[in-house]
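Letter by letter, the chains look like this.
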Amino acid sequence: MQSIFNRQYTHTEMEKQIEDKNTEMGNVITRSEEFIEKNQKTILIVVIAIVVVILAIFGLRKWYFQPREVRAAEEMFAAEQWFAQGDFEKALNGDDTYNGFLGVIDSYKCTKAGNLAKYYAGIANLRLGNYNEAAELLGKYKGKDTFTKPLATMAQGDAEMELGNTEKAVDLYLKAAKMEDNYITAPTALFKAGMGYLMLENNAKALDCFQQVKKNYPESTEWQEIDKYIAIAENK
C-alpha cells in the first residue's frame, strides 16, 4: 500500500484544494466589504481624526515649538554673555530687556534652551554659593552631550560636598566618571571621588580612585600629582 506520506495528489484533488482556497479568500473579501459598508461612518471619522492629529502635530511644531526655540535661544544668548563675564547674578535674573537663565527656565519649558538654562543656572548658583539651588537645578538638567552631562553631575557633587553631604557627593562623582570615558571629565571626577573617600576615612576606596587616574589618564592634570595622593591613601 502506498504510504499516505508519499502518495501523489491527483489532478482532481489539486483542483479541489485550489477551489477551496479561492472560496476562502472570496469569503474573507466579502466579510471585509461587509464590515467596511457597515462601519464606513466610523472608519471615516477615525481617518479624519488621524489626519487632524498629524496636522495638529505639524502645526504645533512649525508655528509654536520652533518659534519658542528661537525666542528662548535669543534670551539665552544674552544670559550666556553675562555668565562669560562673571556677572552671575545678572545671568540668573536678567535685566529689563532679557530674561536671565531663571526666566528662560520658567518661560520656555520643554525647549532645548530651557533645559540648557538649568545647567548654566546651576553653575551660576554654585559660583555664588547658593548650594541648595545649584544642586536642585543641576539635578534637573537632562544633558545628552559628551561634556555638559558629566560636568553637571560633578558640579552637583561639588554643591552636595559644600552642603556637607559627602557620601552623596562621592556617589555623584563616581556617576560622572562612568558617564563618559574621556580625558577631560573622568580623571577629575575620579580624583574628587578619591578626596571624598579620604574625608570619609575610606582609604581603600580612595586609593582605588587615585590608582585608576594613575593607570588610565597619564595626560590629565590630576596625574601630575597623583603619586602624592596615592601615598596619602596608603599611609593615612
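Residue numbering note: each chain is counted from 1, following its sequence as written. Since the coordinates come from a predicted model, pLDDT governs what is reported: local features require at least 70, and pairs of side-chain atoms require 80 or more to be given and counted, while whole-chain, interface and lining totals use all residues. To obtain the side-chain values, all non-hydrogen atoms of the structure were included, while hydrogens and water were left out.

A.B. asks: Hey, could you go over the environment of Ile-105 for me, with residue numbers and the actual values?
C.D. replies: Segments assigned H or I by DSSP are reported as helices when at least four residues long, segments assigned E as strands when at least two residues long, and all are numbered from the N terminus. Residue placement: Ile-105 occurs in helix H3 (residues 101-107). To sort residues, take the accessible area from a 1.4 Å probe on protein chains only and compare it with the maximum for the residue type: under 20% means buried, over 50% means exposed, and anything in between is partly exposed. Looking at Ile-105, the relative accessible area reads 15%, which means it is buried. Between two residues, a contact is recorded if the distance between any of their heavy atoms is within 4.5 Å. If we skip the residues at most four places from it in the chain, Ile-105 touches Gly-114, Ala-117, Lys-118, Ala-121 and Leu-137.

A.B. asks: Give me the nonpolar core: which residues, what numbers.
C.D. replies: Joining through side-chain atoms within 4.5 Å is the link that ties buried Ala, Val, Leu, Ile, Met, Phe, Trp, Tyr and Cys residues into a set, and such a set is a nonpolar core. Counting 29 residues, the largest nonpolar core has Met-76, Phe-83, Phe-101 and Tyr-119 as its most contacted members. Contact partners of Tyr-119, with chain neighbours within four places excluded, come to Leu-138, Tyr-141, Thr-148, Leu-151 and Ala-152. Residues Met-161, Ala-206, Val-213 and Ile-230 belong to the second largest nonpolar core, which totals 24 residues.

A.B. asks: Let's hear about the pattern of salt bridges: which residues, and what values?
C.D. replies: One speaks of a salt bridge when a side-chain nitrogen belonging to Lys or Arg is within 4 Å of a carboxyl oxygen belonging to Asp or Glu. Tallied over the full model, the rule gives six salt bridges. In this structure, the salt-bridge partner of Lys-109 is Asp-106, at a minimum N-O distance of 4.0 Å. Accessibility classification places Lys-109 together with Asp-106 in one group, the exposed group. The shortest N-O distance in the salt bridge between Lys-214 and Asp-227 comes to 3.0 Å. Highlighted residues: Lys-214 in helix H9 (residues 203-216) and Asp-227 in helix H10 (residues 226-235), separated in sequence by 13 residues. In this structure Asp-227 comes out as partly exposed when scored by relative accessible area, which is 45%.

A.B. asks: Requested: an account of the packing of aromatic side chains, with residues and values cited.
C.D. replies: Here the aromatic set is Phe, Tyr and Trp, taking the six-membered ring for Trp, and pairing holds for ring centres within 6.5 Å; pairs whose planes are under 30 degrees apart are stacked, those over 60 apart are edge-to-face, and all others are tilted. Tallied over the entire structure, the rule returns ten aromatic pairs. Centre to centre, the rings of Phe-101 and Tyr-120 are 5.1 Å apart; their planes meet at 5°, and the pair counts as stacked. With Phe-101 in helix H3 and Tyr-120 in helix H4 (residues 112-128), this pair connects stretches of sequence that are 19 residues apart. Across the pair, exposure class does not vary: Phe-101 and Tyr-120 are buried alike. Aromatic side chains Phe-191 and Tyr-229 sit 5.0 Å apart centroid to centroid with 85° between the ring planes, which places their arrangement in the edge-to-face category. Taken together, the residues span a long stretch of sequence, with Phe-191 in helix H8 (residues 186-199) and Tyr-229 in helix H10 at a distance of 38 residues. Classification of Phe-191 by relative accessible area gives buried; the value is 17%. An aromatic cluster is present here, built from Phe-83, Phe-88, Phe-101, Tyr-119, Tyr-120 and Tyr-141 joined pairwise through their rings.

A.B. asks: If you had to explain the packing of H9 against H10 to someone new, which residues and values would you point to?
C.D. replies: Close contact between H9 and H10 brings their axes to 9 Å; oriented N to C, the two are set at 160°. As summarised for this structure, H9 and H10 are arranged roughly antiparallel, according to the angle between their axes. The crossing of H9 and H10 is left-handed. Between H9 and H10, the residues in contact are Asn-203, Ala-206, Leu-207, Phe-210, Gln-211, Val-213 and Lys-214 and Ile-226, Asp-227, Tyr-229, Ile-230, Ala-233 and Glu-234, respectively. The nonpolar class holds Ala, Val, Leu, Ile, Met, Phe, Trp, Tyr, Cys and Pro. Asp, Glu, Lys and Arg form the charged class, and all remaining residues, Gly among them, are polar. Considering only residue class, the contact of H9 with H10 consists of eight nonpolar, two polar and three charged. Interaxial angle, 0 to 180 degrees, is taken between N-to-C directions of lines fitted to C-alpha atoms, where a helix line uses only the stretch in contact. Any angle that is under 35 degrees is reported as roughly parallel, and any over 145 degrees as roughly antiparallel; angles of 65 to 115 degrees are reported as roughly perpendicular and all others as oblique. Take the far helix as the reference: if the near one is turned anticlockwise from it by less than a right angle, the crossing is left-handed, and if turned clockwise, right-handed.

A.B. asks: A description of the environment of Ala-135 should follow, citing residues and the corresponding values.
C.D. replies: Along the chain, Ala-135 falls in helix H5 (residues 131-140). We classify Ala-135 as buried; its relative accessible area is 8%. C-alpha separation for the pair Ala-135 and Gln-156, spaced 21 residues apart in sequence, amounts to 4.9 Å. Non-local contacts of Ala-135, meaning those with residues more than four positions away in its chain, are made with Gln-156, Ala-159 and Glu-160.

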